[in-house]
Amino acid sequence: MASTHPVQVNILEVCQVTPSLNSLDPPTELSFPLSFFDILFLKVAPAERLFFYKLTEATPDYFNSVILPKLKLSLSHTLLRFLPVAGNLIWPAQSTKPIILYTPNDGVSLTIAQSNADFDHLSGTDICEITRSHPYVPQLPIITDSKTSVLALQITLFPNQGVSIGATVHHGVLDAKNVVMFIRAWAHVHKQFSENENADLITLPPELTPFLARTIIEDPDGIDMLYLNSWLGLNLPGLDTNIHRSLKPFKQAITDPYSKVRTLVRLSREDIKNLRERVLCQIEKLHLDTETRPMHLSSFVLAYAYVFVCVVKAKGLERDDKVVLGLTADCRARLGIPENYFGCCVMPFFVQIGLETVVQENGYLNVIERLSEIIVRINKGVLDGAKEKFAEFMTIRPGTLMVTVSGSPQFQIYKADFGWGVPRKVETPSIDKTGSISMQENADGRGGIEIGLVLLKHEMEIFNSLFVDGLILNQNQIVSGEH
């Protein structure tokens, strides 16, 4: 049970960590261009990740004398390999579009804090108010209208309980895969310090070694300027339109922050297997031709569709409403770009669907079919229609329920082990603003998927009932042979 004492989060230090200069190859000034993938997300609200690590030996003295110095040192050496995040996003007066610029002495803002909160409650899967996580993720420094940081970090000590690491990232520079790559690389370097005192001999595995050559992204049609001009032409609440070259991200206020709650639900490997069997039985029962109506039954689709249906039903919308499904496709493999490419390389896809189609008896199958149609479009040509992305998004009526996905089970986020064991929980606080759900592999490492979501309190009660009861009913039907 959560403690009832007032929670205090004290900021102990705010410093800047720069890339290590104790290297055979010290960093020099470097600039990195933005691709059309980056510019598509240029003013989207920053993305946030929050990692919780159980560490009962973390007394204040041990934290300050051992844990914190080692975290700072390993971060410094990691930044040397990830110079774009140590730099700033700027828009030079002579440039037609923004760039990332790293200059010597640039670095990442690091906040050190201490909290008396109940760590076990924060890092558990119980339903809790969304505001409880907010003190543990830092604000992204906006230096001037035309200069902003790429990354901000916060390390919070929960004495004799554990440590959290929060990251806030500019969405116009990095995608979710990059954020996980960086945190995992930092964890790898930190863990290797215990075995190798010579930091220059510490190497990163290929999947954590960033590919920084952004010129590999080709743009013969000038999509980058199309997106940039679309951003500059927007006049929406939350956007800074007074300054033409403003790089300030979109300000997304959280509506009813004290009425919303967060939870993390899990689908085991067995749950997903049962959901797949349920769909296959429905396909057989309805005599659907999967040649003309292909069904993509990956774990991701099955989990996303199941949660989507539960969320829509919990919302209690009007029957004539429409809702929006959204997928973000990783374009690396589809365009022959290295998997370790460090920069935005994703493309969003949306589809509107009638509420009645979701809540009817075969609603789950209907949602899977619509998601499968998106995947067919993606596989046919991930950049088909790329020029119209802004226009497509603007056709969505304000106030429409839109459920997109942040993260992926393929990122292996729970491999971010600093030497303290795997994270107890990883959270995505930025979904508080966006209405997205987060998705990642199960923490237990035995397959399955974790889904994080935010709803109003009464909606969450309905969602939980639908989510749990649906899995039980599904299991019982399979056991009994009913379809």
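Residues numbered from 1 in each chain as written. Predicted model: local features only at pLDDT ≥ 70, side-chain atom pairs only at ≥ 80, totals over all residues. Heavy atoms only, no water.

A. Local environment of the overall build of the chain. Secondary structure assignment for the chain yields 13 helices and 19 strands. For the chain, whose C-alpha radius of gyration is 23 Å, the value lies close to the compact-globule estimate of 23 Å for 483 residues. Seen through its principal axes, the chain has C-alpha atoms that stretch 65 × 55 × 40 Å. Long-range pairs, those at least 24 residues apart, make up 79% of the contacts in the chain between residues at least 6 apart in sequence. Total accessible area on the chain is roughly 21,200 Å²; 52% of this is exposed by carbon and sulfur atoms. (Helix = DSSP H or I, 4+ residues; strand = E, 2+ residues; numbered from the N terminus. Rg over C-alpha atoms; globule rule 2.2 N^0.38 Å. Contact = heavy atoms within 4.5 Å. Areas by Shrake-Rupley, 256 points an atom, 1.4 Å probe, with all protein chains shown as cover.)

B. Molecular detail of the nonpolar core. Among the nonpolar cores identified, the biggest contains 133 residues, and Leu153, Ile155, Tyr304, Phe308 and Phe463 are the most heavily contacted of them. Broken down by element, the residue count for this core peaks at 13 residues, all from helix α8 (residues 299-315). Filtering out sequence-adjacent residues up to four positions away, Tyr304 remains in contact with Leu325, Gly326, Leu327, Leu371, Val403, Thr404, Val405, Ile437 and Met439. Counting eight residues, the second-largest nonpolar core is a separate cluster that includes Phe52, Phe119, Tyr136 and Val137. (Core = buried A, V, L, I, M, F, W, Y, C linked by side-chain atoms within 4.5 Å. Buried < 20%, exposed > 50% of the residue type's maximum accessible area, 1.4 Å probe, protein only.)

C. Geometry of the sheet that holds strand β11 (residues 162-169). The six strands lie next to each other as β1-β6-β10-β11-β3-β17, forming an open sheet whose pairing is mixed. The sheet is open, and its two borders are formed by β1 (9-17) and β17 (425-427), each paired with just one other strand. Across the sheet, the mean angle separating the axes of adjacent strands is 15° when strand polarity is ignored. Sheet topology note: the strand β3 (residues 47-54)/β17 ladder contains three bridges and is antiparallel. Looking at the pairing, Phe52 lines up with Lys425 of β17. Packing against the sheet, helix α2 (residues 60-79) makes contact with β1, β6 (108-115), β10 (151-158) and β11, and its axis sits at approximately 35° to β1. Docked against the sheet, helix α5 (residues 176-192) engages β3, β10 and β11, running at close to 50° with respect to β10. (Pairing = 2+ DSSP bridges. Axes fitted to C-alpha atoms, helices over the stretch in contact; angles between N-to-C directions.)

D. Local environment of the packing of α8 against helix α10 (residues 363-380). The N-to-C vectors of α8 and α10 enclose an angle of 130°; their axes lie 9 Å apart at closest approach. For the element pair α8 / α10, the angle class is oblique. As for the relative orientation of α8 and α10, their crossing is right-handed in sense. For the pair α8 and α10, contact is made by Val301, Leu302, Tyr304, Ala305, Tyr306, Phe308 and Val309 and by Gly363, Tyr364, Val367, Ile368, Leu371 and Ile375, respectively. When grouped by side-chain class, the residues that make up the contact of α8 with α10 number 12 nonpolar, one polar and no charged. (Parallel < 35°, antiparallel > 145°, perpendicular 65-115°, else oblique. Left-handed = near helix turned anticlockwise from the far one by under 90°. Nonpolar A, V, L, I, M, F, W, Y, C, P; charged D, E, K, R; others polar.)

E. View of the side chain of Gln161. Residue position: Gln161 is located in the loop between β10 and β11. From its side chain, Gln161 meets the backbone oxygen of Ala117 in a polar contact 3.1 Å long. (Polar contact = N/O pair within 3.5 Å; in protein donor to acceptor, adjacent residues only side chain to side chain.)

F. View of the pairing of strand β5 (residues 99-102). Summarising the sheet, strand β2 (residues 30-33) and β5 pair through four bridges and their orientation is antiparallel. Bridge assignment links Ser31 to a residue of β5, and that residue is Leu101. Sheet analysis places strand β4 (residues 88-90) next to β5, joined by three bridges and oriented antiparallel. Residue pairing across strands places Asn88 opposite Leu101, the latter belonging to β5.

Any link to function would need more than the numbers given here.
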